[in-house]
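Chains, contacts and geometry: an overview
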Amino acid sequence: MRSIRIENLNKSYRGEVVLENINLTIPSGKFFALLGPSGSGKTTILRTIGGFETIDSGKIWLGDTEITNLPINERRINTIFQNYALFPHLNVFENVAYSLRLKGLAKDVIEQKVLKILKSVHLEQHAYKDISMLSGGQQQRVALARAIINEPEVLLLDEPLAALDYSLREKMLLELSELQEKSQTTFIYVTHDQFEALTVADQMAIMNDEGQIEQIGTPKEIYEFPISSFVAQFVGNSNIFHGTLLIQGNEGFLEIPELGKFAVDISRNKEWMINGKKVLLSIKPEKILIKKADVQGFSNNLKGIVESIVYHGRSTQYNVRLKNGQKIQVFEQNEEHFPQEVIDYDNEVNLYWQKENAVLLER
């Protein structure tokens, strides 16, 4: 198995820059997600890896082999597109067998390979059905089987679940993850849906609106420790505070206008933390405890007024206005409350968080 390496890749369409100086290494045998808003260039990266797009400059490597200008059919890379591109005039078996027949393999070898791969995607009982008789999820499995039957080193998936409803998407995400783990094929998955990326990826890259990579890491690293306000707000909701960093010995504080001074964790990325520097602080809504009563043992607390409440079933979202006018979100897991703990509209509440659960942002 070989990794994908992109070096100094640049791509423009009609004079408009889509990708600028992209450098990215995608490890072999992993489930890698490219996550970003529409128009961020993630699909263009996928198409350049697959050979469907030429690039203005830069290089693309598969292991030690440069594939920048290699024809599509010589790359050992397969692609699944949003519309699956199945052959409507062929049944399930023949769709999957198509590339093997082009290679001229013996009939019994083809049958053995096709039925084995259909079993792995739970379609062995549908082998001889017409494509039109299958559900969206089943068609997606046919596309997967057809893509991996040739044992590609890399499988590119361009928003393959976009047409499926939410419950089916959840099921297919788990099946994709299991399939990747069994095959150990490198999956490169493009999506604008953070839930999809966080669910399946071993590693992920976050792309911004300007066609640049903001951050690369595991889902946990990116969600828990974003390095920029873009990542903090794109991957999960986040409350952003502007302030001045104050460093006193080994302790750090953030002075926020009209709100006061709050303890912050300065143990990470010390190289850019300078006393008196203007910085941003990110706090995820679920990292904040909301209570009407006083609670001890927290690094920080604020007071605010509840402006609105949104019930999500498993959790409740409180939108709270602070005394400086800023509005922040707080998520609380729904548990049974005693009557005196019920929080309602216009209530004054205390907001608590530990300094380790808030992140200073580099950008």
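In case you missed it, the structure is sitting above this.
The following refers to the structure shown. Remember, it's a predicted structure, so these values are computed and weren't measured experimentally.

Rules used throughout
Position labels on residues start from 1 in each chain and follow its written sequence. The predicted origin of the model limits local features to residues at a pLDDT of at least 70 and limits the giving and counting of side-chain atom pairs to 80 or more, whereas totals for whole chains, interfaces and linings rest on all residues. For side-chain calculations, the full set of non-hydrogen atoms in the structure is used, while hydrogens and water are omitted. Nonpolar cores were defined as sets of buried Ala, Val, Leu, Ile, Met, Phe, Trp, Tyr and Cys residues, with membership established by side-chain atoms within 4.5 Å. Under the scheme applied here, a residue whose accessible area is under 20% of the maximum for its type counts as buried, over 50% as exposed, and between as partly exposed, the area being computed with a 1.4 Å probe on protein chains only. Helix numbering and strand numbering both begin at the N terminus, where a helix is a DSSP run of H or I of at least 4 residues and a strand a DSSP run of E of at least 2. Throughout, a residue-residue contact means that at least one pair of heavy atoms, one from each residue, lies within 4.5 Å. By this rule the span expected of a helix is its residue count minus one, scaled by 1.5 Å. The directions considered for the arc run from the helix axis to the C-beta atoms. Angles run from 0 to 180 degrees between N-to-C directions of axes, and those axes are lines fitted to C-alpha atoms, restricted for helices to the stretch in contact. An angle counts as roughly parallel when it lies under 35 degrees, as roughly antiparallel when it exceeds 145, as roughly perpendicular when it falls between 65 and 115, and as oblique in every other case. A clockwise turn of the near helix away from the far one marks a right-handed crossing, whereas an anticlockwise turn of less than a right angle marks a left-handed crossing. Residue type decides the class: Asp, Glu, Lys and Arg count as charged, Ala, Val, Leu, Ile, Met, Phe, Trp, Tyr, Cys and Pro as nonpolar, and the leftover types, Gly among them, as polar. Pairs were defined over the aromatic rings of Phe, Tyr and Trp, the Trp ring being its six-membered one, requiring ring centres within 6.5 Å. Orientation was assigned from the angle between planes: stacked under 30 degrees, edge-to-face over 60, tilted for the rest. The rule is short: NZ of Lys or CZ of Arg within 6 Å of the ring centre and within 35 degrees of the ring normal puts a charge over the ring.

For the rest of this paragraph, the subject is the nonpolar core. Within soluble globular proteins, side chains that are nonpolar tend to cluster in buried spots. Counting 36 residues, the largest nonpolar core has Val114 and Leu118 as its most contacted members. Of all the elements in the fold, those that place two or more residues in this core are helix H2 (92–102), helix H3 (107–120), helix H4 (136–148), strand E7 (154–158), helix H5 (166–183) and strand E8 (186–191). Here this core gets 6 residues from one element, more than from any other, and that element is H4. Excluding its chain neighbours within four sequence positions, the residues that come into contact with Leu118 are Val92, Val96, Leu123, Glu124, Ala127 and Ala145. Judged by nonpolar contacts, the second largest core, of 28 residues, contains Phe241, Leu254, Leu322 and Trp353.

Between the first and last C-alpha of H3 there are 20 Å, a value that for 14 residues agrees with the 20 Å anticipated at 1.5 Å per step. Within H3, burial applies to Ile110, Val114, Ile117 and Leu118. Along the axis of H3, the buried residues cluster in a sector spanning 100°; they form a single face. Structural note: H3 exposes Asp108, Gln112, Lys116 and Lys119 on the side pointing more than 90 degrees away from its buried face. On its buried face, H3 sits against H2 and H4.

Turning to the packing of H2 against H4, a few remarks are in order. It is the contact of H2 with H4, at a shortest axis distance of 8 Å, that shows an interaxial angle of 25°. The angle between H2 and H4 places the two elements in the roughly parallel class. Here the hand of the crossing between H2 and H4 comes out right-handed. In contact with Val92, Asn95 and Val96 of H2, H4 contributes Val142, Ala145 and Arg146. Across the contact of H2 with H4, the residue classes break down as 4 nonpolar, 1 polar and 1 charged.

What follows covers the packing of aromatic side chains. Per the stated rule, a full pass over the model turns up 9 aromatic pairs. Judged by centre distance (4.7 Å) and plane angle (55°), the rings of Phe87 and Tyr98 are tilted. Remark: Tyr98 occurs in helix H2 and Phe87 occurs in the loop between strand E6 (77–80) and H2; sequence separation between them is 11 residues. Of the residues examined, Phe87 reaches a relative accessible area of 25% and is grouped as partly exposed. By relative accessible area, Tyr98 is classed as partly exposed at 38%. Among the aromatic residues, those joined into a ring-pair cluster are Phe31, Phe187 and Tyr189. Taking NZ or CZ as reference, Arg268 lies 3.8 Å from the ring centre of Phe225, over its face. Lying over the aromatic face of Tyr223, Lys284 brings its terminal NZ or CZ to 4.6 Å of the ring centre.

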